Amino acid sequence: MLERFTETLVRYKEYHDKMQLMTKEKEIISQEEIDELIRRDYVLSDAGDELPKGIHRLTLEKVLTVMKQYHDGVTAEEVGKLIGASRTTTRRYLEYLVSASIVIADVSYGTVGRPERIYRLKRS
């Protein structure tokens, strides 16, 4: 328990130091910059208990690596094939990133079949 508390304090100090540095460089900080700082630290945290159940840091990093390569967007099925995971598993990770405002989702209506969700990294 003391170890987790210590890790939390260390992360807070790092966050506080980043915020102080950011405010020294700029008079006004945009909401997007603050959101990105907070969410990126949270999403990629080494503490496994901060991520929701079923979301593992290593798999999440694999998904983010693929997302950085596909600026025009990619489907859950395509990401799954690239990282070696099922479409369902990959979609869970992508939807988590959508909820963390790191990825945006759009719907693509093809000529045949049901619509597909296309995922893109949110531009900052």
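Everything below is about the structure printed above this text.
Figured I'd write up the structure that's included with this text. A quick note: this is a predicted structure, and the numbers were derived from the prediction, not measured.

Remarks on the overall build of the chain
Piece 1. Each helix and strand counted, the chain has five helices and two strands in total.
Piece 2. Going from N to C terminus, the chain has its helices and strands arranged as α-α-α-α-α-β-β.
Piece 3. Counting only residues that meet the buried cut, the chain has 25% of its 124 residues in that class.
Piece 4. Across the chain, contacts joining residues at least 24 apart in sequence account for 45% of those joining residues at least 6 apart.

Some remarks on a nonpolar patch on the surface
Piece 1. Judged by side-chain polarity, Leu2, Phe5 and Leu9 come together as a nonpolar surface patch covering roughly 350 Å² of accessible area.
Piece 2. Locating Leu2 in the fold gives a position in helix 1 (residues 2–25).
Piece 3. Leu2 gets classed as exposed once you look at its relative accessible area, which sits at 65%.

Details of unusual backbone geometry
Piece 1. Positioned with a positive phi, Ser101 is a non-glycine residue whose angle comes to about 60 degrees.
Piece 2. Tracing the chain through its elements places Ser101 in the loop between helix 5 (87–99) and strand 1 (103–108).
Piece 3. Accessibility expressed as a relative area gives 27% for Ser101, which makes it partly exposed.

A word on the environment of Val63
Piece 1. With respect to the helices and strands, Val63 occurs in helix 3 (residues 57–69).
Piece 2. On a C-alpha basis, the gap between Val63 and Val79 in space is 6.9 Å, while along the polypeptide they are 16 residues apart.
Piece 3. When near neighbours in sequence (up to four residues on either side) are disregarded, Val63 contacts Val79, Ile83, Tyr93, Leu94 and Leu97.

Let's talk about the environment of Val107
Piece 1. Here Val107 is to be found in strand 1.
Piece 2. C-alpha separation for the pair Val107 and Thr75, spaced 32 residues apart in sequence, amounts to 9.9 Å.
Piece 3. When sequence neighbours within four positions are dropped, the list of residues in contact with Val107 reads Pro115 and Glu116.

Details of the packing of helix 3 against helix 5
Piece 1. Two numbers describe how helix 3 lies on helix 5: the axes approach to 10 Å, and their chain directions differ by 75 degrees. When the axis of helix 3 is compared with that of helix 5, the two are roughly perpendicular. Of the residues in helix 5, those in contact with Thr59, Leu60, Val63, Leu64 and Met67 of helix 3 are Tyr93, Leu94, Tyr96 and Leu97.
Piece 2. Its residues placed into classes, the contact of helix 3 with helix 5 shows eight nonpolar, one polar and no charged.

Brief notes about the layout of surface pockets
Piece 1. Of the volumes computed, that of the second largest pocket is approximately 210 Å³.
Piece 2. What lines the second largest pocket is Thr75, Ala76, Glu77, Arg87, Arg91, Arg114, Pro115, Glu116, Arg117 and Tyr119.
Piece 3. Elements represented by at least two residues in the lining of the second largest pocket include exactly helix 4 (76–83), helix 5 and strand 2 (116–121).
Piece 4. Considered class by class, the residues forming the lining of the second largest pocket number three nonpolar, one polar and six charged.

Digging into the pattern of salt bridges
Piece 1. Here the structure, examined in full by the defined rule, presents five salt bridges.
Piece 2. A salt bridge links Lys13 to Asp17, with the nearest nitrogen and oxygen atoms 2.9 Å apart. Taken together, the residues span about one helical turn, with Lys13 and Asp17 both in helix 1 at a distance of four residues.
Piece 3. The exposure class of Lys13 is exposed, given its relative accessible area of 51%.
Piece 4. Several salt bridges share partner residues, and in doing so they unite Arg91, Glu95 and Arg117 into one network.

Reading the values: rules and limits
- Residues numbered from 1 in each chain as written.
- Predicted model: local features only at pLDDT ≥ 70, side-chain atom pairs only at ≥ 80, totals over all residues.
- Heavy atoms only, no water.
- Helix = DSSP H or I, 4+ residues; strand = E, 2+ residues; numbered from the N terminus.
- Buried < 20%, exposed > 50% of the residue type's maximum accessible area, 1.4 Å probe, protein only.
- Contact = heavy atoms within 4.5 Å.
- Patch = residues over 30% accessible without salt bridge, like charges linked within 9 Å, V, L, I, M, F, W, Y side chains within 5 Å.
- Areas by Shrake-Rupley, 256 points an atom, 1.4 Å probe, with all protein chains shown as cover.
- Salt bridge = Lys/Arg side-chain N within 4 Å of Asp/Glu carboxyl O.
- Axes fitted to C-alpha atoms, helices over the stretch in contact; angles between N-to-C directions.
- Parallel < 35°, antiparallel > 145°, perpendicular 65-115°, else oblique.
- Nonpolar A, V, L, I, M, F, W, Y, C, P; charged D, E, K, R; others polar.
- 1 Å grid on protein atoms, 1.4 Å probe; cavity = no way out; pocket = protein on both sides within 12 Å on 5 of 7 lines; lining within 4 Å.
- Points joined across faces, edges and corners; volume = space filled by probe spheres on them.

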